[in-house]
Amino acid sequence: MKPLRLRLLLGIFVVATALAWAGAKLWNSLDTLPGVPAAAPVVLAVIAVILLATAISLRSRLKAMRERTPGAKRVDPLSAARAVVLGQASALVSALVSGVYAGLGIELLTLPDFNAHRGAALTAGLAVVAGAGVVAAALWLQHICKLPEDGGGHNGKGAAPSAR
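Each chain carries its own residue numbering, running from 1 in the direction its sequence is written. With pLDDT at 70 or above as the cut-off, local features in this predicted model cover only qualifying residues; side-chain atom pairs require 80 or more to be listed or tallied, and sums for whole chains, interfaces and linings still use all residues. With hydrogens and water excluded, all non-hydrogen atoms of the structure serve as input to the side-chain values.

Draft legend 1. Inspection of the overall build of the protein at higher detail. The way it works is that DSSP assigns letters per residue, a run of H or I at least four long becomes a helix, a run of E at least two long becomes a strand, and they are numbered from the N terminus. A tally of helices and strands in the protein yields 4 helices and 0 strands. What you see in the protein, going N to C, is helices and strands ordered as α-α-α-α. Note on exposure labels: buried denotes an accessible area under 20% of the residue type's maximum, exposed denotes more than 50%, and partly exposed covers the range between, all computed with a 1.4 Å probe on protein chains only. Counting every position in the protein, which comprises 164 residues, the buried fraction comes to 30%. When checking whether two residues touch, look at their non-hydrogen atoms; a contact exists if any pair is within 4.5 Å. Considering only contacts within the protein whose residues lie at least 6 apart along the sequence, 83% involve residues at least 24 apart. Summed over all atoms, the accessible surface of the protein reaches about 10400 Å², with 67% contributed by carbon and sulfur. Each accessible area value is a Shrake-Rupley result obtained with a 1.4 Å probe; residue values ignore everything except the protein chains displayed when judging cover.

Draft legend 2. Quick look at a positive patch on the surface. Each patch is built from residues lacking any salt bridge and having more than 30% relative accessible area; the joining distance is 9 Å for like charges and 5 Å for nonpolar side chains (Val, Leu, Ile, Met, Phe, Trp, Tyr). Salt bridge, as used here: a side-chain nitrogen of Lys or Arg that lies within 4 Å of a carboxyl oxygen of Asp or Glu. Residues scored as charged are limited to Lys and Arg (positive) and Asp and Glu (negative), so that His and the chain ends carry no count. The atoms used to mark charge sites are NZ of Lys, CZ of Arg, CG of Asp and CD of Glu. There is a patch of like positive charges on the surface, built from Lys2, Arg5, Arg7 and Lys146. Take Lys146: it is sitting in the segment after helix 4 (118–144).

Draft legend 3. Structural view of the side chain of Thr17. Checked against the element boundaries, Thr17 lands in helix 1 (residues 6–28). Of note is the side chain of Thr17, whose polar atom sits 2.7 Å from the backbone oxygen of Phe13. When sequence neighbours within four positions are dropped, the list of residues in contact with Thr17 reads Gly99, Ala102, Gly103 and Ile106. Nitrogen and oxygen atoms within 3.5 Å of one another constitute a polar contact, given that in protein one can donate a hydrogen and the other can accept it, and given that sequence-neighbouring residues count only through two side-chain atoms.

Draft legend 4. Representation of the packing of helix 2 (residues 40–66) against helix 3 (residues 77–109) in the model. As a rule, the C-alpha atoms of each element are fitted with a line to give its axis, helices using only the stretch in contact, and angles between N-to-C directions run from 0 to 180 degrees. Running from N to C, helix 2 and helix 3 point in directions that differ by 155°, and their axes come no closer than 11 Å. As the angle between them shows, helix 2 and helix 3 are arranged roughly antiparallel. Along this stretch, helix 2 crosses helix 3, giving a crossing that reads as left-handed. Residues Ala40, Leu44, Ile47, Leu51, Thr54 and Leu58 of helix 2 form the contact with helix 3, whose participating residues are Ala83, Leu86, Gly87, Ser90, Ser94, Val97 and Tyr101. Asp, Glu, Lys and Arg are counted as charged, while Ala, Val, Leu, Ile, Met, Phe, Trp, Tyr, Cys and Pro are counted as nonpolar; the rest, among them Gly, fall into the polar class. By residue class, the composition of the contact of helix 2 with helix 3 is 9 nonpolar, 4 polar and no charged. By definition in this entry, angles of less than 35 degrees are roughly parallel, angles greater than 145 are roughly antiparallel, angles of 65 to 115 are roughly perpendicular, and the rest are oblique. Each helix crossing is assigned a hand: it is left-handed if the near helix lies turned anticlockwise from the far helix by less than a right angle, otherwise right-handed if that turn is clockwise.

Draft legend 5. The environment of Pro34, seen in detail. Structurally, the position occupied by Pro34 is in the loop between helix 1 and helix 2. Pro34 sits 10 residues away from Ala24 along the chain, and the two C-alpha atoms are 8.1 Å apart. Beyond its immediate chain neighbours, meaning those up to four positions away, Pro34 contacts Trp27 and Leu104.

Draft legend 6. Expanded view of a nonpolar patch on the surface. Together, Val42, Val46 and Ile50 make up a nonpolar patch on the protein surface, roughly 260 Å² of accessible area in all. Here Val42 is to be found in helix 2.

Draft legend 7. A look at the environment of His143. Secondary-structure assignment places His143 in helix 4. Each C-alpha atom, one on His143 and one on Ala55, is 9.2 Å from the other, the two residues being 88 residues apart in sequence.

Draft legend 8. Representation of the confidence of the model for the protein within the structure. The predictor rates its confidence in each residue with pLDDT, a number between 0 and 100. Looking at the protein as a whole, its pLDDT mean stands at 87, while 89% of the residues score no less than 70. Note on residues 156–164: pLDDT is under 50 here. Beyond four places in sequence and across chains, it has 5 contacts.

Draft legend 9. Focus on helix 2. Expected helix span is given by 1.5 Å per residue-to-residue step, counting one fewer step than there are residues. With 27 residues, helix 2 extends 39 Å between its outermost C-alpha atoms, agreeing within 8% with the 39 Å of an ideal straight helix rising 1.5 Å per residue. Ala40, Pro41, Leu44, Ala48, Leu51, Ala55, Leu58 and Ala64 are the residues of helix 2 that are buried. On its buried side, helix 2 packs onto helix 3 and helix 4. Positioned one or two residues after helix 2, Arg68 has a phi angle of 55°, which is positive.

Draft legend 10. Representation of the side chain of Glu107 within the structure. Within the element layout of this structure, Glu107 appears in helix 3. There is a polar contact of 3.2 Å between the side chain of Glu107 and the side chain of Trp21. If near-sequence neighbours (up to four positions away) are discounted, Glu107 is found in contact with Trp21, Ala24, Lys25, Asn28 and Leu33.

The following block contains the structure:
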């Protein structure tokens, strides 16, 4: 499984922001703008907390296994892989959704009657911040579940023994 790169997520965010801003400008030319759901930042924050809790749990269990702590719970490799896939999928969707809310927020900020749209602009901004939290938690989860052999740089001759 290839690790997800921050550069890719930033690219998705920037492209989605530009497209959403252009779409919002076009939509605003019809004198109607779509609303920003109040639940958007809440849902993204809940996803970030779930990913963070998963990362903390896996981190402590993997640390206990490495230190050979008596009674340490074993980490099922398939469960760890599923957690990473969930994190990567969440990060990709979050980058896209955050870009859409950023584009809409930019359009709301540039409107002449900003005071009428202040709440929607604030909600869009909070959704972008919560989306960044999802990306950060997902990348950290991916880092935690990285195997020592995933370091690379071994000239394709197999995994190097870990220096423990």
